[in-house]
Amino acid sequence: AYEICACLVGSEMCIRDQIEYVQIPNGQYAIFRHIGSYDFLCDLYRIIYEEWFPNSQYYPQNTFSFEVYINSPCDTDVPELITDIYISVVKKHSLI
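Rules used in this analysis
Residue positions are counted from 1 within each chain, in the order its sequence is given. Side-chain atom pairs in this predicted model are given and counted only at pLDDT of 80 or more, local residue features only at pLDDT of at least 70, and totals for whole chains, interfaces and linings cover all residues. Side-chain metrics rest on all non-hydrogen atoms present in the structure, leaving aside hydrogens and water. The helix count covers DSSP runs of H or I at least four residues long, the strand count covers runs of E at least two residues long, and both are numbered beginning at the N terminus. For this analysis, residues touch if any pair of their heavy atoms sits within 4.5 Å. In this text, buried Ala, Val, Leu, Ile, Met, Phe, Trp, Tyr and Cys residues form a nonpolar core when linked through side-chain atoms within 4.5 Å. Exposure categories follow from relative accessible area, calculated using a 1.4 Å probe and restricted to protein chains: below 20% of the type maximum is buried, above 50% is exposed, and the middle band is partly exposed.

### Notes on the environment of Pro60
With respect to the helices, strands and loops of the structure, Pro60 is situated in strand 4 (residues 58-60). Sequence separation between Pro60 and Ala30 is 30 residues; the distance between their C-alpha atoms is 8.7 Å. Among all residues touching Pro60, those that are not within four sequence positions of it are Tyr49, Phe53, Ile87, Ser88 and Val89.

This is the structure we're talking about:
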């Protein structure tokens, strides 16, 4: 299992009392990489759920997804921002 730490960042600092630790469940994850503005992450989610999942060998698990921000908008140009989306999946059973 992995753990993530998430907090809302104000102007310059993260208040420790607002940090929430969540354990990430073990299992298989489909990982999707988005390059560019965070404003378009919703478009990738739409493609994942409306196009990729129906045509893949996987179903999404009934749990949360999460994002990993590989670089920071503080020192990276918007077109070069990299975000990985992790979605817990289970393999579809083949019909015999």
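Don't stop here, the text continues.
### Things to note about the nonpolar core
The biggest cluster of nonpolar side chains holds 10 residues, and these are Ala30, Phe32, Leu41, Leu44, Tyr45, Ile48, Phe53, Ile85, Ile87 and Val89. Elements with a contribution of two residues or more to this core: strand 3 (28-35), helix 1 (41-55) and strand 6 (82-91). With five residues, helix 1 is the largest single contributor of residues to this core. Beyond its immediate stretch of four places on either side in the chain, Val89 contacts Gln28, Tyr29, Ala30, Phe53, Tyr58, Tyr59, Pro60 and Gln61.

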